[in-house]
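Secondary and tertiary structure notes
Here is how the chains run, residue by residue.
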Amino acid sequence: MMKTLYSLLLEVGENLEAASLSQLTHEEAKQWIARLKQLARVKAKSFMDSDVFHEKAIRSLDTRDNKELDWVGNQLSLQYFGRPCKVPIEWDKSLKNAAGYFSFDLRTQRPLRIVQSMWQYNQFGAQHVIGTLKHELAHFHLFMEGRPFRDEDEEFKQLCHQIGAPLYALAMKEGYVTSCSACGGFAGLEKKPKKKLISRCCKSSLDFGSFVLIFPNGQVVEVEKE
Ligand SMILES: [Zn+2]
Ligand SMILES: [Zn+2]
């Protein structure tokens, strides 16, 4: 349910602090979702009535092939960079540890493709994909201009701010917070509480804490496991 709420917040462009997100009761979260769904419908409708491309009007994407994804990517490219994207934009069915990436040939320095995680789309929706595409397009266009194009480059970060793209194209992580029973250090997220796991630091058993979502922007929200 928090994931639905999160992708709707993104779609509508509203901001709800992580702190208040985690304090919502089940009932309140439901009300938020209903209200945001209504808002999203009204918003999308107003954009669909105009003939110009508007990213907020995109509510779903065809995953049967790359055509629509490639089209949307190129519209974003034209809108934010004034040029089409010269490499193919493709779905990846198995990519889970990143929302997407831009790849190029190290030896020839030729750009290859932009890849988008289908899993991310199925989990968090079309607006999440749009954010990722903008991020990857920023990598691509800076690369083509021979400018600093990596995540850690200042110019890249500034460009992301300018076009409203996320700074990291990371997927959302979820799981139980675990800590080392010997030293108490953070030992990562685990999908299921398993007794056999041991910590890397002290080779001791793990203590399992609350179930959390870590948003791509680093916000950590405690949630009930769905
Ligand atoms: Zn990146
Ligand atoms: Zn330890």
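Cut-off values and rules
- Residues numbered from 1 in each chain as written.
- Chains lettered and ligands numbered in written order.
- Predicted model: local features only at pLDDT ≥ 70, side-chain atom pairs only at ≥ 80, totals over all residues.
- Helix = DSSP H or I, 4+ residues; strand = E, 2+ residues; numbered from the N terminus.
- Buried ≥ 20, exposed ≤ 12 C-beta atoms within 10 Å, placed from the backbone.
- Contact = placed C-beta atoms within 7 Å.
- Expected span 1.5 Å × (residues − 1).
- Pairing = 2+ DSSP bridges.
- Axes fitted to C-alpha atoms, helices over the stretch in contact; angles between N-to-C directions.
- Domains from an automatic or database assignment.
- Nonpolar A, V, L, I, M, F, W, Y, C, P; charged D, E, K, R; others polar.

1. Quick notes on the overall build of the protein
Scanning the protein from N- to C-terminus turns up 7 helices and 7 strands. Ordered by position from the N terminus, the helices and strands of the protein form the series α-α-α-α-β-β-β-α-α-α-β-β-β-β. Along the first, second and third principal axes, the C-alpha set of the protein runs to 55 × 50 × 35 Å. Scored against the burial criterion, the 226 residues of the protein give a buried share of 27%. Taking contacts inside the protein between residues at least 6 apart in sequence as the whole, the part at least 24 apart equals 55%.

2. Looking at helix 6 (residues 126-144)
For helix 6, built from 19 residues, the straight-helix expectation of 27 Å at 1.5 Å per residue is met to within 8% by its first-to-last C-alpha distance of 26 Å. Across the 19 residues that make up helix 6, a large majority, 16, are buried. At the C-terminal side of helix 6, Gly146 shows a positive phi close to 70°.

3. Side note on the pairing of strand 3 (residues 111-117)
Here strand 1 (residues 89-92) pairs with strand 3 via 4 bridges, running parallel. Across the sheet, Asp92 pairs through a bridge with Ser117, a residue of strand 3. As paired elements, strand 2 (residues 100-104) and strand 3 share 5 bridges and run antiparallel to each other. Along strand 3, the bridge assignment pairs Gly100 with Gln116. Linkage of strand 2 to strand 3, two consecutive antiparallel strands, is achieved through a turn of 6 residues, within which Gln109 is found at a positive phi near 60°.

4. Quick notes on the sheet that holds strand 7 (residues 220-222)
Pairing is antiparallel across the open sheet formed by 4 strands, whose spatial order is 5-4-6-7. The open sheet has two edge strands, strand 5 (186-190) and strand 7, and neither has a second partner. Pairwise comparison of adjacent strand axes, ignoring direction, gives a mean angle of 45° for this sheet. As defined by bridge partners, strand 6 (residues 206-214) adjoins strand 7 across 3 bridges and the pair is classed as antiparallel. Residue pairing in the sheet places Leu213 in a bridge with Val221 of strand 7.

5. Remarks on the environment of Gln109
Inspection of the secondary structure puts Gln109 in the loop between strand 2 and strand 3. Along the primary structure Gln109 and Asp62 are separated by 47 residues, whereas in three dimensions their C-alpha atoms are 31 Å apart.

6. What to know about the domain arrangement of the protein
Interface size, as often reported, equals the accessible area lost upon joining of the parts. Each assigned domain of the protein is listed with its residue range as follows: domain 1 (1-50), domain 2 (52-171) and domain 3 (173-222). The C-alpha centroid of domain 3 is placed 29 Å from the C-alpha centroid of domain 1. Breaking the side of domain 1 that touches domain 3 down by element, the ones donating at least two residues are helix 1 (2-12) and helix 2 (18-23). Per-element accounting of the side of domain 1 that touches domain 3 gives the leading share, 3 residues, to helix 2. Looking at the side of domain 1 that touches domain 3 residue by residue, the class counts come to 4 nonpolar, 1 polar and no charged.

7. Description of the pairing of strand 4 (residues 173-180)
Looking at chain direction, strand 4 and strand 6 are connected through 7 bridges and run antiparallel. Considered in strand 6, the bridge of Thr178 is made with Phe208. Across 3 bridges, the pairing between strand 4 and strand 5 is antiparallel. Each residue of the ladder has a partner; that of Ser179, found in strand 5, is Phe186. Where strand 4 hands over to strand 5, the hairpin turn is made up of 5 residues, of which Gly184 adopts a positive phi near 85°.

8. Describing unusual backbone geometry
Of note, Gln109 is a non-glycine position whose phi angle comes to about 60°, a positive value. One non-glycine residue, Lys203, adopts positive backbone phi at about 50°. Structurally, Lys203 is set in the loop between strand 5 and strand 6. Accessibility expressed as a C-beta count within 10 Å gives 9 for Lys203, which makes it exposed.

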